[in-house]
Amino acid sequence: MTEIQAAAPKKKNMLFSFSRTFWTANLMELFERGAYYGMNALLAVYLKDVLGFREQSVGVLQGFVYALTYIGPIFGGALAERLGYRKMLLVAFSLLSLGYFAAGNFDTYGMVFVSLLVMATGSGLFKPIISGTIARTTTKETSGFGFGVYYWSINLGAFIAPLVMSWLKGFSWRYVFFASASWCFLMLLPALFLFKDPDLPKSTKRIGQVLSDALKVLRDSRFMLMIFVYSCFWILYFQTFGSVMWYLRDFIDRSPVDRFMAGLGISFRFDAEHVTVINAGTIILLVVFVSRLVKNLKALPVMSVGILFGAGGFLILATTRSAWMFVLGIAVFSLGEMTAHPKYYSYIGIVAPKDSVAVYMGYAFLYGVIGSLIGSNFGAVLYERMLTPLVPRAAEALKAGTALPPDIAGTLRTFWLIFAVLGAVCVVGMLLYNKFFSEDTPQTNRRAWGIMFGVYGLLALAGFYFLAESLFLSPQVQVRTLVQSLILLGLGGGGLALSLRGRPGGSAGGSAAG
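Just so we're clear, the structure is a prediction, and the values are computed from it rather than from any experiment. (Residues numbered from 1 in each chain as written. Predicted model: local features only at pLDDT ≥ 70, side-chain atom pairs only at ≥ 80, totals over all residues. Heavy atoms only, no water.)

Enquirer: For this particular structure, what's the right way to read the overall build of the protein?
Expert: Helix and strand content of the protein: 22 helices and zero strands. Expected size for 514 residues packed as a compact globule is a radius of gyration near 24 Å; at 23 Å, the protein falls within 12% of this value. In the protein, buried positions account for 54% of the 514 residues. The long-range share in the protein, meaning contacts at least 24 apart out of those at least 6 apart in sequence, stands at 83%. For the protein, the exposed surface amounts to about 22,600 Å²; the carbon and sulfur share of it is 68%. In the protein, 42 side chains carry a positive charge and 25 a negative one; their mean positions are 6 Å apart. (Helix = DSSP H or I, 4+ residues; strand = E, 2+ residues; numbered from the N terminus. Rg over C-alpha atoms; globule rule 2.2 N^0.38 Å. Buried < 20%, exposed > 50% of the residue type's maximum accessible area, 1.4 Å probe, protein only. Contact = heavy atoms within 4.5 Å. Areas by Shrake-Rupley, 256 points an atom, 1.4 Å probe, with all protein chains shown as cover. Lys, Arg positive; Asp, Glu negative; His and termini not counted. Charge placed at Lys NZ, Arg CZ, Asp CG, Glu CD.)

Spelled out as structure tokens, the structure:
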């Protein structure tokens, strides 16, 4: 009892124990994530419905942009520790402001693409600075609470910003991009006048060392096999920024939600941007409860349950056309996301080579690179080929207030079942991986090398097929298919080259290091 009473004042005063730099970093995280998720909550719809780009084109653009936001932190962290956090914050916010502003001023595919790549570069540079600042401005006693504030800043920005953007698009779609640009430009002020570099490590990595570590991880077939399996779940996640939004606008009668909100005295129109609001809102409401519930449980069982919840969300989308069930489906998927993903990092600590856990943790984000490149493209291609031809007939049924024709309902069911099954495959894959590959031994490394060599080979063959189709089997060059073939060739060919150079030798340590 005495110990509890003594600890109570510390908990009460913990908010006041953090430095000005800590709170400044969280303020910048709130605005930057608001700008990012606010814009991305509408990007797929804007590109398709306003600028008139085809779904496949949107998928290519989003795949590259999202992948760059995951790759950027590799170099952003190294640069920040060498040049200083404050200087890199100024660079990051300048790129973010320029990228958002330019994307809202151009309407040609190439210029929008380049503008968003500039934005993604700024986002990639920004990410490691804030997480690094939180780590260096908290202590062992306050880090848990400090990172809790940090994650709430992310989700609060993702929850509020799309609501603001929903209002702004009613005036002009360009205001969405200008708002994101303004929020990032505004953050130059605290970066200049309030932020102070935390104490940085005396020895910092050179870019050459960063590349060396990256090659070490990429050549480790056992680790990359786990990344590829887990990436299947993130193929589902990236549908929430593309196909899920299009589906809501094209095939769901959203009026029941609008009428419910009107009954509460709120002028509201349920639309694509609210997918992100549902996702972030669910996490804000439930993350503390879920975190406490799974805190002391083993990583893999929790991950498996979370991924199954995520697949269950897509199963709900497959079985009903109800607007409220759509909301439930996204909420269930979000519950799965918040359950599975934190334990993923714990699992990496288990399967990574024991002498290189810190290095491997730095490349845990590779799931996002693979998930975005494959997920954004795969979802967009499927949507364009399976669902887009059905939109005119579905629009007629929605306007008349009648049920969708059976053939349309069946195709929609099949579409979402593909992703639900992919989630189930991910769970089976993770369980098999844990049984046969989780230990770092010469045998597991050799088996994993053989599997990944086959996976990379299949990706390369698919890339060659689509390359031939885009250049020689079509009446004219199919640029979108050409770009997708280059993505597959890059993943497959690059993987084959790295596998050949990192072929397992006689020891587990050598094979892990490549």
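Enquirer: Is there a simple way to think about the pattern of salt bridges in this case?
Expert: Oppositely charged side chains are able to pair whenever their charged atoms sit close together. Inspection of every chain in the model, using the stated rule, returns 13 salt bridges. Residue K48 is joined to E55 by a salt bridge in which the shortest nitrogen-to-oxygen separation is 3.9 Å. Judged by relative accessible area, E55 falls into the buried class, the value being 4%. Taken together, the salt bridges that share partners define one network made up of K48, D49, E55, K169, R249, D250, R254, D271 and E273. (Salt bridge = Lys/Arg side-chain N within 4 Å of Asp/Glu carboxyl O.)

Enquirer: Explanation requested: the nonpolar core in the structure shown.
Expert: Soluble globular proteins tend to bury their nonpolar side chains together. Of all hydrophobic cores here, the largest spans 152 residues; its most connected members are M226, F251 and F326. With 14 residues, helix α10 (residues 221-237) is the single largest residue contributor to this core. Ignoring anything within four residues of it in the chain, the contact list for F251 reads Y383, L387, L390, V391, A394, L398, L404, I408 and L412. (Core = buried A, V, L, I, M, F, W, Y, C linked by side-chain atoms within 4.5 Å.)

Enquirer: Help me understand the environment of F177 in this model?
Expert: With respect to the secondary-structure elements, F177 resides in helix α7 (residues 174-186). Taking the C-alpha atoms as reference points, F177 and P392, 215 residues apart in sequence, are found 30 Å from one another. Apart from residues no more than four positions distant in its own chain, F177 is found in contact with M39, L43, Y46, Y100, F101, A103 and G104.

Enquirer: Which parts of the structure should I look at to understand a nonpolar patch on the surface?
Expert: Taken together, the side chains of L186, L189, L192, F193 and L194 present a nonpolar region at the surface, about 470 Å² in accessible area. For the nonpolar patch, the element with the most residues is helix α8 (residues 188-193), which contributes three residues. Its location among the elements puts F193 in helix α8. (Patch = residues over 30% accessible without salt bridge, like charges linked within 9 Å, V, L, I, M, F, W, Y side chains within 5 Å.)

Enquirer: Whenever I open this one, the side chain of T24 confuses me. Can you help?
Expert: Mapped onto the elements of the fold, T24 is located in helix α2 (residues 20-50). On the basis of relative accessible area, T24 is assigned to the buried category, the value being 5%. A distance of 2.8 Å separates a polar side-chain atom of T24 from the backbone oxygen of R20. Setting aside chain neighbours within four positions, we find T24 in contact with P190, L194 and F195. (Polar contact = N/O pair within 3.5 Å; in protein donor to acceptor, adjacent residues only side chain to side chain.)

Enquirer: It is not clear to me how helix α9 (residues 207-218) should be interpreted in this structure. Could you clarify?
Expert: Turn by turn, an α-helix covers 3.6 residues, leaving residues three or four places apart pointing in a common direction. With twelve residues, α9 extends 16 Å from end C-alpha to end C-alpha; this agrees with the ideal 16 Å at 1.5 Å per step. Buried residues belonging to α9 abut α3 (55-83), α10, α16 (357-361) and α17 (366-387). (Expected span 1.5 Å × (residues − 1).)

Enquirer: Where do I start with the packing of α2 against α3 in this structure?
Expert: Working note: a packed helix pair is described by the angle between its axes plus the distance between those axes. Following both chains from N to C, one finds α2 and α3 inclined at 160 degrees, their axes separated by 9 Å at the closest point. The angle between α2 and α3 places the two elements in the roughly antiparallel class. Like other packed secondary-structure pairs, α2 and α3 cross with a definite hand, here right-handed. For the pair α2 and α3, the contacting residues are Y36, N40, L43, A44, L47 and K48 in the first and E55, V58, L61, Q62, Y66 and T69 in the second. By residue class, the composition of the contact of α2 with α3 is seven nonpolar, three polar and two charged. (Axes fitted to C-alpha atoms, helices over the stretch in contact; angles between N-to-C directions. Parallel < 35°, antiparallel > 145°, perpendicular 65-115°, else oblique. Left-handed = near helix turned anticlockwise from the far one by under 90°. Nonpolar A, V, L, I, M, F, W, Y, C, P; charged D, E, K, R; others polar.)

Enquirer: Looking at this structure, I do not really get helix α13 (residues 274-294). What am I missing?
Expert: The end-to-end C-alpha distance of α13, which contains 21 residues, comes to 28 Å, matching closely the 30 Å that a straight helix rising 1.5 Å per residue would cover. Along its length, α13 reaches its greatest deviation from straightness, about 55 degrees, at L286. (Bend = angle between axes of the 7 residues up to and from the residue.)

Enquirer: Please explain the confidence of the model for the protein as it appears in this structure.
Expert: Segments scoring low in pLDDT should not have their predicted coordinates read at a detailed level. Residues of the protein with pLDDT of at least 70 account for 93%, and the chain-wide mean is 88. Averaged pLDDT values for the elements of the protein fall to 37 in helix α22 (residues 508-513) and rise to 97 in α7. Every residue in residues 1-10 is under pLDDT 50, and counting partners more than four places away or in other chains gives zero contacts. Counting contacts from residues 506-514, a segment whose pLDDT is below 50, to residues more than four positions away or on other chains yields 20 contacts. (pLDDT = per-residue confidence, 0-100.)

Enquirer: Is there a simple way to think about the side chain of N155 in this case?
Expert: Examined against the element boundaries, N155 turns out to sit in helix α6 (residues 143-168). By relative accessible area, N155 is classed as buried at 16%. If sequence neighbours within four positions are ignored, N155 has contacts with A280, I283 and I284.

Enquirer: Before we go on, may I ask you to explain the packing of aromatic side chains in this structure?
Expert: Centre distance and the angle of the planes are the two values used to describe a pair of aromatic rings. Going through the model one piece at a time under the given rule, you end up with 53 aromatic pairs. The lysine or arginine in question, R33, covers the ring of Y36, its NZ or CZ lying 4.3 Å from the ring centre. (Phe/Tyr/Trp six-rings, centres within 6.5 Å; stacked < 30°, edge-to-face > 60°. Lys NZ or Arg CZ within 6 Å of the ring centre and 35° of its normal.)

Enquirer: Would you explain the environment of A92 in this entry?
Expert: For A92, the location among the structural elements is in helix α4 (residues 85-105). The spacing of A92 and L390 is 298 residues in sequence and 42 Å in space, taken between C-alpha atoms.

Enquirer: I keep staring at the environment of L194 and nothing clicks. Help me out?
Expert: Mapped onto the secondary structure, L194 falls in the loop between α8 and α9. Residues L194 and Y456, 262 residues apart in the sequence, show an inter-C-alpha distance of 48 Å.

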